[in-house]
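In case you want the letters, here they are:
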Amino acid sequence: MSCAEKVFTDEQINSFRREFPILNMKIRDNCDLIYMDWAATSQKPYSVIEAEKDYYSSKNGSINRGTHFLADQATVVFENGRRTIANFINADFNEIVFTMNATDALNMVANAFIYATLLKKENIFTLKPGDEIVVTKLDHHANIVPWQRVSQITGAVLRWVDINDDGCLNYDDFNVIGEKTRLVAFTHASNVTGVVTDVDYIVSLAKKFGALTVLDTCQSAPHISIDIKKLDVDFACFSAHKMFGPTGVGALYAKGDLLDHMEPLRVGGSMVDFVNTDNTSYKSGFYRHEAGTLMNAQIYSWTKAVEYLSNIGMEKISMREDELLTYLKEKFEFLLANCGIKIIGELDDQTTRLPVISFSVDDVHPHDVAQFLDSFSIAVRSGHHCAQIIHKHFNIHNSSRISLSFLNTFDEIDKLVEALSKVRSFFGVDK
Amino acid sequence: MNDLYQLYQQIIIDHSKQRHGCKPIKENYIVSNQVNPSCGDEVSFGLIIKNGIVDDIAWQGQGCSISQASISIMSDLLLGKNIEEVEKLYEDFLILMHSQGKDVEEEILDHLQDACALQGVSKYPARIKCALLGWMALRDVLAKSN
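Residues numbered from 1 in each chain as written. Chains lettered and ligands numbered in written order. Predicted model: local features only at pLDDT ≥ 70, side-chain atom pairs only at ≥ 80, totals over all residues. Heavy atoms only, no water.

Take the pairing of strand β6 (residues 157–161) of chain A next. Residue and element names in this part refer to chain A. Across five bridges, the pairing between strand β5 (residues 132–136) and β6 is parallel. Looking at the pairing, V135 lines up with W160 of β6. On the question of chirality, the crossover connecting β5 to the parallel β6 by way of helix α5 (residues 145–154) is right-handed. (Pairing = 2+ DSSP bridges. Helix = DSSP H or I, 4+ residues; strand = E, 2+ residues; numbered from the N terminus. Right-handed = clockwise from strand over helix to strand, strands pointing away.)

Now for the state of the cysteines. Residue and element names in this part refer to chain A. This structure, assessed with the given rule, holds zero disulfides over all chains. With no disulfide of its own, C218 lies closest to C237 among cysteine sulfurs, the gap being 4.5 Å. A residue is classified by how much of its surface remains accessible, and C218, at 12% relative accessible area, is buried. Using a relative accessible area of 0% as the deciding quantity, one classes C237 as buried. (Disulfide = S-S within 2.5 Å. Buried < 20%, exposed > 50% of the residue type's maximum accessible area, 1.4 Å probe, protein only.)

With that settled, consider the pattern of salt bridges. Residues and elements named next belong to chain B. Applying the stated criterion across every chain, the model contains 31 salt bridges over all chains. Among the ionic pairs, K123 bridges to D3, the shortest N-O distance being 3.3 Å. With K123 in the loop between α5 (106–112) and α6 (125–145) and D3 in helix α1 (residues 2–7), the pair connects residues that are 120 residues apart, well separated along the chain. Its relative accessible area of 36% is what places K123 among the partly exposed residues. Relative accessible area serves as the criterion here: at 29%, D3 is assigned to the partly exposed category. The closest approach of N and O atoms between K50 and D55, which form a salt bridge, is 3.5 Å. (Salt bridge = Lys/Arg side-chain N within 4 Å of Asp/Glu carboxyl O.)

Time to look at the sheet that holds strand β2 (residues 41–50) of chain B. Within a sheet, adjacent strands bond to each other through the backbone by hydrogen bonds, running parallel or antiparallel. Residue and element names in this part refer to chain B. Pairing is antiparallel across the open sheet formed by three strands, whose spatial order is β1-β2-β3. Where the open sheet ends on each side, the last strands, each with one partner, are β1 (30–36) and β3 (53–62). Strand-to-strand twist of the sheet, defined as the mean angle between neighbouring strand axes without regard to direction, takes the value 15 degrees. As judged from the seven bridges shared by β1 and β2, these two strands associate in the antiparallel manner. Residue pairing in the sheet places S32 in a bridge with F45 of β2. (Axes fitted to C-alpha atoms, helices over the stretch in contact; angles between N-to-C directions.)

Moving on, we come to the nonpolar core. When a protein is soluble and globular, its nonpolar side chains tend to lie buried together. Counting 81 residues, the largest nonpolar core has A:F332, B:F45, B:I66, B:F93 and B:L138 as its most contacted members. Here the element with the most residues in this core is α6(B); it accounts for ten residues. Those residues within four positions of A:F332 in sequence are excluded, and the remaining contacts are A:I341, A:I343, A:I357, A:F359, A:I402 and A:L420. Judged by nonpolar contacts, the second largest core, of 75 residues, contains A:I177, A:V203, A:A206 and A:V306. (Core = buried A, V, L, I, M, F, W, Y, C linked by side-chain atoms within 4.5 Å. Contact = heavy atoms within 4.5 Å.)

Each partner contributes residues to the interface: chain B has 22 residues there, and chain A has 18 residues. In total, about 1600 Å² of surface goes out of reach between chain B and chain A, with carbon and sulfur atoms giving 56% of it. Between chain B and chain A we count one salt bridge in total. Counting every contact that joins chain B to chain A gives nine residue pairs in polar contact (both at pLDDT 80 or more). (Buried area = accessible area lost by both parts, 1.4 Å probe. Polar contact = N/O pair within 3.5 Å; in protein donor to acceptor, adjacent residues only side chain to side chain.)

Before going further, it helps to spend a moment on unusual backbone geometry. All names here are of chain A. Here D363, not a glycine, exhibits a phi torsion of approximately 65 degrees, which is positive. With respect to the helices and strands, the residue D363 is situated in the loop between β14 (356–361) and α11 (366–374). The exposed category is assigned to D363, whose relative accessible area is 59%. The backbone phi angle of N395 is positive, close to 60 degrees, even though this residue is not glycine. If you trace the backbone, N395 turns up in the loop between α12 (388–393) and β17 (399–403). For N395, a relative accessible area of 71% corresponds to the exposed category.

All names here are of chain A. Packing of helix α10 (residues 314–338) against helix α13 (residues 410–420) leaves a shortest axis separation of 10 Å and a crossing angle of 20 degrees. Relative to α13, the element α10 lies roughly parallel. The way α10 lies across α13 gives a crossing that is right-handed. Here α10 contributes R320, E323, L324, Y327, L328, K331, F332 and L335 to the contact with α13, which in turn contributes F410, I413, D414, L416, V417 and L420. For the contact of α10 with α13, the per-class residue count stands at ten nonpolar, no polar and four charged. (Parallel < 35°, antiparallel > 145°, perpendicular 65-115°, else oblique. Left-handed = near helix turned anticlockwise from the far one by under 90°. Nonpolar A, V, L, I, M, F, W, Y, C, P; charged D, E, K, R; others polar.)

In structure tokens form, the structure reads like this:
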């Protein structure tokens with residue numbers, strides 16, 4: 001690939017990489033770490049790491065609870081955090097709730113349905129037996145299991161959208177969306193096959209029948225620019241640790257005034273207006289859903305992660321990752337033809353995808369593949385990746401998964417492919 | 001790479017393919033089924049115990065080379081042993097697995113014979129469950145036989 005075509009030069013990438021202490025680690029036999037497990041968790045730049053220390057060193061006070069200097073500092077940081085996250089996805093400030101992680105955000109929405117139904121609230125969150133929730137076989141457990149619980153408790157029925165052998169959603173199955181559909185929950189991008197969903201198609205079907213939509217952006221947010229107004233979903237979950245931010249914090253996006261109508265998942269301090277022995281009134285908006293003291297230091301460092309991404313630019317990040325994926329696909333052709341390796345799904349050129357490839361190696365278990373790659377200091381994931389249902393579709397229990405970020409290099413891909421070409425021989429199964 | 005060869009000694013790779021003791025489990029066996037949900041590795045493990053001695057072993061399963069080799073090695077070790085010896089082997093194997101790569105008493109290593117080949121697993125926390133899959137089934141079978 002000539003320099004003229006690349007969106008970043010090698011020097012620029014090396015410069016970015018120097019900002020990540022973990023990417024400069026030597027591991028195992030004093031080898032450079034080759035990190036290809038970004039879909040599991042992202043590594044962090046110094047600005048994010050330092051932010052938490054900075055918060056505790058100079059800004060740690062109670063949020064919205066005092067008029068002293070530190071309380072002011074902390075409150076400004078906190079509100080700025082919400083504004084930064086909202087701007088990043090083109091949401092309104094008051095449409096963002098801070099959560100523990102994306103799973104927590106999805107549970108908040110699920111619980112809104114459960115509580116509304118149990119409390120007989122008679123609003124858009126109240127479900128009755130026979131109401132339908134559409135879910136997909138492509139999704140991560142976080143966007144499946146909460147809806148299974150909703151179904152179990154409320155009597156609503158789950159309707160499943162299947163996957164095709166190419167690893168994409170079977171869009172025809174979305175024709176199950178109809179009068180009975182109350183919610184459609186789906187992923188923006190698969191953490192197994194990397195395919196990016198046609199959100200417009202699903203949202204337009206859902207809106208025809210007044211169904212709410214929930215989007216899982218865990219995989220997409222670190223890689224592609226998200227304009228939540230344009231996507232026009234009702235809910236979306238976000239995970240900080242997937243997008244260069246800290247663990248322990250995520251967000252729920254809820255369109256317009258939906259938050260006012262949702263029963264909160266957690267109750268207690270901060271989210272109340274008046275508390276009496278006889279009754280208690282909850283706040284509205286995002287306050288309603290943020291009980292107790294939040295992970296303020298982590299919100300601050302998440303802010304820095306978002307600033308980091310914005311400074312580089314999501315468009316450039318996407319372009320860089322397309323370059324890497326193209327190169328990875330080219331190199332994989334050899335492995336597919338000669339080394340007993342199969343991709344989960346297919347690597348066609350038509351579908352928009354993230355640089356995520358899950359694969360199996362003939363006669364070598366994914367654990368063994370991952371262990372072998374680890375001896376070359378290459379980090380990949382093995383298992384079912386919290387997506388057992390898609391694995392069942394392909395008649396396997398588990399796979400190995402490569403997931404890249406814009407910070408990976410072509411050289412790292414070369415090393416990966418070279419190692420993979422030797423794995424069957426190491427385990428004595430190449431005949 | 002040295003650590004990799006230490007983990008995947010030839011004896012382990014051989015056992016993972018040879019699968020000693022792997023055969024259909026008939027009705028008279030005491031059986032335990034174990035699954036590792038995080039990866040789908042599974043084993044059905046059966047023993048016949050006559051007069052307090054392991055008379056026969058049969059198992060079916062699928063999984064990574066560490067899990068399958070461990071079951072195969074375990075099968076060789078158990079045949080013909082009495083229950084007390086089997087329980088001691090189980091305890092010793094646990095010690096080996098939790099040794100975190102540090103030295104283990106010679107006496108235990110001698111007792112475990114070929115199972116010592118799995119000592120390298122103790123340096124890789126994620127693989128300990130793999131090596132223990134069959135041994136968990138064994139523990140369950142022993143509990144059922146009491």
